[in-house]
Structures are given as C-alpha cells and as structure tokens.
Amino acid sequence: MSVATRNGISADTPVAPPRVVRQRRVRPGLLGLAVLLIALGGLGAAFAVTSVRSTGSYLAVARPVEVGQQLSAGDLVAVRVSGGQGLRPVPTSRLKEVLDLRAAVRLTPGTLLTASQLTDAPLLGPGQQQIALGLKPSRVPARTLHPGDKVLLISTPDNNANTDGAARGGGTRFEAVVVDTASPENDDVVVYLALAVRDVPAVVVLAADDRVALVLTEAA
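Now for a quick tour of the structure. (Residues numbered from 1 in each chain as written. Predicted model: local features only at pLDDT ≥ 70, side-chain atom pairs only at ≥ 80, totals over all residues. Heavy atoms only, no water.)

1. Examining the overall build of the chain
Reasoning step 1: Within the chain, the secondary structure is distributed over three helices and 11 strands.
Reasoning step 2: The secondary structure elements of the chain, listed N-terminal to C-terminal, are β-β-α-β-β-α-β-β-β-β-β-β-α-β.
Reasoning step 3: Burial status across the chain gives 25% buried among its 220 residues.
Reasoning step 4: For the chain, the share of sequence-separated contacts (at least 6 apart) that also reach a separation of at least 24 residues comes to 65%.
Reasoning step 5: Only carbon and sulfur atoms are counted for the fraction: they give 55% of the accessible area of the chain, which is about 15,400 Å². (Helix = DSSP H or I, 4+ residues; strand = E, 2+ residues; numbered from the N terminus. Buried < 20%, exposed > 50% of the residue type's maximum accessible area, 1.4 Å probe, protein only. Contact = heavy atoms within 4.5 Å. Areas by Shrake-Rupley, 256 points an atom, 1.4 Å probe, with all protein chains shown as cover.)

Okay, structure coming up:
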C-alpha cells in the first residue's frame, strides 16, 4: 500500500516541534557602559584633532640669558609645539620685536619663551646713575656677577692717613645693583653698577683711592 507523502516526508513520520530561541535580556549597566565608551572615544578624537590644529611655531631659549641682558638671535630657536595654549609662548613671527627687549628673569635653555619673561624697562631706576668699578678678581664676591644682583659697597680704611683706625673713615655702606660686567685683558673685573645719585660722588672718590669692597647681598 502506498503512503502519500508531502514535500518528500512520509505522513507517518513524526514531525519535530520548532525550537524556541530565548531572547537574551540586555543589561542596562552594560548598555550604559557601551554608550560611555563611545562618548569617550569621540572626545578623544576631538581632542586629537584640536591638538593637531593648534600646532604652531614658537620661540624657545637656546642658551642661558641673564637678567637684564638684551636678547640676540642666537639666544633663541624656533620649535614646533602642539597645544600648550595655557603657556602662551611667543610665536616666531614676533622675533624682531623680541630682539629689542631684555630678559626680566634668567632664561634657561630648553624652555619656551613667554612675554612675561621679557621687559623693555631700563635697568636704571629713577634717581639712579651708572658707574663702573675696576676690581681685582679677589675683590669680586662671586666668580660671576649677573645683571640684577644686589650688592653692597663698603668703604675700607685709608691706610695712608696719619690717624688711628677708628678715625680712618672705614665702614660706610652704599647699596647698588649690577647692570653688567666685563673682563679686560689686564685680568681686572669691571663691574657696572646702578647707584643712587646722592652716593655717586662718594663712591667715585673711594674707587679712585682703591678703598671699595664689594659684597653680594642678593642674587638675581
């Protein structure tokens, strides 16, 4: 006896019930974490794009520059910097302006140059005059004096006077600020000082008699 079939399956063959696939529940915590990671990725990409766009050419210090020293082209070097908006470095386009200024602080090689480190103010303050003292190296209080160093000029006793030590006029003090220094060929050290106008005549007389001692009171 023939058995009718449908779609190639015998009518007498039992049919397996369809499988029911369970739907997995999505945890709210995992969904929130995924959204957070996507957001952070977008912020990171935006930050990277912003940094690239803010890359520019700025001035950096190439060699030490002392306080009060006028800048030269050899003191600076151009560098490429990404970001750094908070530092406000001086762009290379302002190089000519910078070369007319002096260092307001000691400049260290490898650092970016900022406008706050520069000044166009004269080293001589109001009521001051500049004098030059030629001193032997043994009378200079430091191996190297820098512009802006504060010093004290002290008069030494006059050994040629025919009076006792108490009456030789030693010990008078004058405050001054170092403007610059030089070392001539005779090995003396010339110190250029900013001195109060009222003290200039007395210091000049003492210097002519070689009766001035220099004391460093505060380094710049």
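Having seen it, we continue.
2. Focus: the nonpolar core
Reasoning step 1: Core analysis: the biggest nonpolar cluster contains 19 residues, and Leu-133, Leu-153, Val-191, Leu-193, Leu-195 and Leu-214 have the highest contact counts within it.
Reasoning step 2: Sorting the residues of this core by element identifies strand 7 (128-135), strand 8 (150-155), strand 9 (173-182), strand 10 (189-196), helix 3 (200-208) and strand 11 (212-218) as the ones contributing at least two each.
Reasoning step 3: Sorting elements by how many residues they give to this core places strand 10 first, with four residues.
Reasoning step 4: Residues within four places of Leu-214 in sequence aside, it is in contact with Leu-135, Arg-139, Pro-141, Leu-145, Val-151, Leu-152, Leu-153, Val-191 and Leu-193.
Reasoning step 5: In terms of nonpolar packing, the next biggest core, distinct from the first, is built from 12 residues, Leu-71, Leu-76, Leu-101 and Leu-107 among them. (Core = buried A, V, L, I, M, F, W, Y, C linked by side-chain atoms within 4.5 Å.)

3. Considerations on the pattern of salt bridges
Reasoning step 1: Tallied over the full model, the rule gives five salt bridges.
Reasoning step 2: Across the pair Asp-75 and Arg-63 runs a salt bridge whose closest N-O atoms are separated by 2.6 Å. One end of the pair, Asp-75, is in the loop between strand 3 (56-61) and strand 4 (76-81); the other, Arg-63, is in the loop between strand 3 and strand 4, and 12 residues separate them in sequence.
Reasoning step 3: A salt bridge links Glu-218 to Lys-150, with the nearest nitrogen and oxygen atoms 3.8 Å apart. One end of the pair, Glu-218, is in strand 11; the other, Lys-150, is in strand 8, with 68 residues separating them in the sequence. (Salt bridge = Lys/Arg side-chain N within 4 Å of Asp/Glu carboxyl O.)

4. Examining the side chain of His-146
Reasoning step 1: Tracing the backbone shows His-146 in the loop between strand 7 and strand 8.
Reasoning step 2: Every residue in contact with His-146, bar those within four places of it in the chain, is listed here: Glu-66, Arg-106 and Val-178.

5. With respect to the environment of Arg-106
Reasoning step 1: Checked against the element boundaries, Arg-106 lands in the loop between strand 5 (102-103) and strand 6 (118-119).
Reasoning step 2: Given a relative accessible area of 39%, Arg-106 falls into the partly exposed group.
Reasoning step 3: In the structure, Arg-106 is positioned 41 residues away from Pro-147 in sequence and 9.5 Å away in space, judged by C-alpha atoms.
Reasoning step 4: Ignoring any residue separated from it by four or fewer positions in sequence, one finds Arg-106 in contact with Val-65, Glu-66, Val-67, His-146 and Ala-220.

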